[in-house]
Amino acid sequence: MDFEAPPEHALIRSTAEDIAAEYGPEYWREREQAGEFAADFWDELGEAGFHGLLVPEEYGGAGMGLQEMGLAMETLCAEGCGMAGTWYLVVTAGMAAVALRESGTEAQKEAYLPDLAAGDRLFSVAITEPEAGTNTLNVGTRAERDGDGYVLNGKKAWITFADRADDMILVTRTTPRADVEKPTRGLTLFLVDMDDPGIEVSPIEKHAINYSKSCEVFIEDVHVPAEAVLGGIDEGWWHLVKTLNPERIGFAAAATGIAELATAKAVDYANEREVFDAPIGTHQAVSFPITKAYTGVETARLMRRKASWLFDRGEDCGYEANVAKAAAVEA
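Notes on the structure in this doc start here. (Residues numbered from 1 in each chain as written. Predicted model: local features only at pLDDT ≥ 70, side-chain atom pairs only at ≥ 80, totals over all residues. Heavy atoms only, no water.)

## Some points on the environment of Gly-149
Our working definition: Under the scheme used here, helices are H or I runs from DSSP no shorter than 4 residues and strands are E runs no shorter than 2 residues, and both carry numbers assigned from the N terminus. Burial here depends on accessible area, computed with a 1.4 Å probe over protein chains only, as a share of the maximum for the residue type. Under 20% is buried, over 50% is exposed, and the range in between is partly exposed. The contact criterion used throughout is that any non-hydrogen atoms of two residues lie within 4.5 Å.
Along the chain, the position of Gly-149 falls in strand 3 (residues 149–160). Classification of Gly-149 by relative accessible area gives buried; the value is 8%. In this structure, the C-alpha to C-alpha distance between Gly-149 and Ala-228, residues 79 residues apart in sequence, is 8.5 Å. Apart from residues no more than four positions distant in its own chain, Gly-149 is found in contact with Glu-144, Val-224, Pro-225 and Ala-226.

See the structure below:
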């Protein structure tokens with residue numbers, strides 16, 4: 001692993017810093033209180049080329065990797081955007097872009113990736129279900145063969161951007177779990193148009209991140225053609241795994257950036273606040289805990305970079321991605 005950053009990394013960092021300077025904590029506090037989607041921030045990310053970082057150049061993207069995406073996310077978060085710095089990129093520019101890039105047919109790539117890279121197409125990724133929770137192997141949403149296509153029925157919960165998305169990557173079962181030898185068999189991914197009349201979306205009331213809705217999605221008798229299959233029939237688990245590692249790496253970048261932002265605020269306060277004619281940061285009881293916290297941030301950042309490096313090389317990074325996310329969230 002080479003720790004020397006290529007020249008384009010400096011450009012990504014400086015661009016992210018410039019964007020974050022316009023969309024700082026007060027901006028996000030206002031969006032949070034109003035429950036408003038930050039359309040101007042989304043467009044700014046598109047103009048900067050961040051939506052297309054993971055999209056191959058032949059489809060209008062930058063043809064870069066998770067090392068660059070992670071850097072963009074972490075910098076946005078650390079420079080004042082908080083969680084939004086990752087949240088507005090991780091689903092469409094991260095998960096959907098990787099899913100289409102790695103598992104899509106040529107026709108699917110041509111249909112979706114150029115608009116995605118330009119920021120003109122927004123995806124949701126529908127995995128979680130009320131009864132299955134985070135155990136994806138227990139999903140109950142069904143896809144049944146119907147002539148030349150499929151009929152989809154089911155319910156999803158906590159689906160990000162479902163209220164605004166143009167398209168959805170839907171995780172279904174094409175073969176019941178009871179009928180397969182291994183629980184990882186029988187899952188299939190579909191590309192679904194969110195304008196279908198058989199789809200109903202209902203935002204869920206929640207405590208935070210209200211600048212992005214999390215929704216219940218009801219799917220009733222939605223007909224899709226066979227060309228809507230993403231990957232292979234009954235092979236969806238392995239195609240889904242390719243998108244989950246970028247998600248974990250993305251949220252590792254988010255947590256690391258947020259922790260860096262919090263640490264910077266703590267250091268500023270410790271240097272400004274005076275007690276007995278001395279800044280409180282000069283006291284070890286204050287400086288040592290801050291230093292210990294920042295050590296955790298630096299360690300998490302290194303593991304996130306390692307996981308990204310492995311992913312970009314096409315190597316297995318599941319272990320590193322999980323460790324990076326766990327370490328970053330704790331930090």
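## Some details on the pairing of strand 2 (residues 142–146)
The cut-off we apply is this: Strands are labelled as partners when DSSP assigns at least two bridges between them.
Here strand 2 pairs with strand 3 via 5 bridges, running antiparallel. Bridge pairing links Ala-143 to Leu-152 in strand 3.

## Re a nonpolar patch on the surface
Using the following cut-off: For patch detection, residues must exceed 30% relative accessible area and be free of salt bridges, and they are connected within 9 Å for like charges or within 5 Å for nonpolar side chains (Val, Leu, Ile, Met, Phe, Trp, Tyr). Residue exposure ignores everything except the shown protein chains as possible cover, and the areas themselves are Shrake-Rupley values with a 1.4 Å probe. Criterion for a salt bridge: a side-chain nitrogen of Lys or Arg within 4 Å of a carboxyl oxygen of Asp or Glu.
A cluster of nonpolar side chains, Met-1, Phe-3 and Leu-302, forms an exposed patch at the surface whose accessible area comes to about 290 Å². Mapped onto the elements of the fold, Met-1 is located in the segment before helix 1 (7–22). Here Met-1 falls in the partly exposed class, since its relative accessible area comes to 37%.

## Description of a negative patch on the surface
Quick note on the threshold: Charge assignment: positive for Lys and Arg, negative for Asp and Glu; neither His nor the chain ends contribute. Working definition for charges: the position is that of NZ of Lys, CZ of Arg, CG of Asp or CD of Glu.
There is a patch of like negative charges on the surface, built from Asp-40, Asp-43, Glu-47, Asp-120, Asp-166, Asp-193 and Asp-195. Tallying contributions element by element places helix 3 (residues 39–47) first for the negative patch, with 3 residues. Topologically, Asp-43 is positioned in helix 3. Taking relative accessible area as the criterion, Asp-43 reaches 45% and is therefore assigned partly exposed.

## Remarks on the nonpolar core
Rules: Remark: nonpolar core denotes a set of buried residues (Ala, Val, Leu, Ile, Met, Phe, Trp, Tyr, Cys) joined through side-chain atoms within 4.5 Å.
Within the largest apolar cluster, 88 residues are counted, with the highest numbers of intra-cluster contacts made by Trp-28, Phe-41, Phe-50, Tyr-88 and Leu-152. With 13 residues, helix 5 (residues 84–103) is the single largest residue contributor to this core. Among all residues touching Leu-152, those that are not within four sequence positions of it are Arg-142, Ala-143, Leu-170, Phe-190, Val-192, Ile-219, Glu-220, Asp-221, Val-222 and Val-224.

## Regarding the packing of aromatic side chains
As a reminder of what qualifies: For Phe, Tyr and Trp, rings pair up if their centres lie within 6.5 Å, where Trp contributes its six-membered ring, and each pair is then called stacked (planes under 30 degrees apart), edge-to-face (over 60) or tilted (otherwise).
Tallied over the full model, the rule gives 16 aromatic pairs. Where Trp-42 meets Phe-161, the ring centres are 6.3 Å apart and the plane angle is 75°; that geometry is what we call edge-to-face. In this pair, Trp-42 is assigned in helix 3 and Phe-161 in the loop between strand 3 and strand 4 (167–173), connecting sequence segments 119 residues apart. What makes Trp-42 buried here is its relative accessible area of 5%. A relative accessible area of 0% places Phe-161 in the buried class. Taken together, the aromatic side chains of Tyr-23, Tyr-27, Trp-28, Phe-37, Phe-41, Trp-42, Tyr-88, Phe-161 and Tyr-211 make up a single cluster linked through ring pairs.

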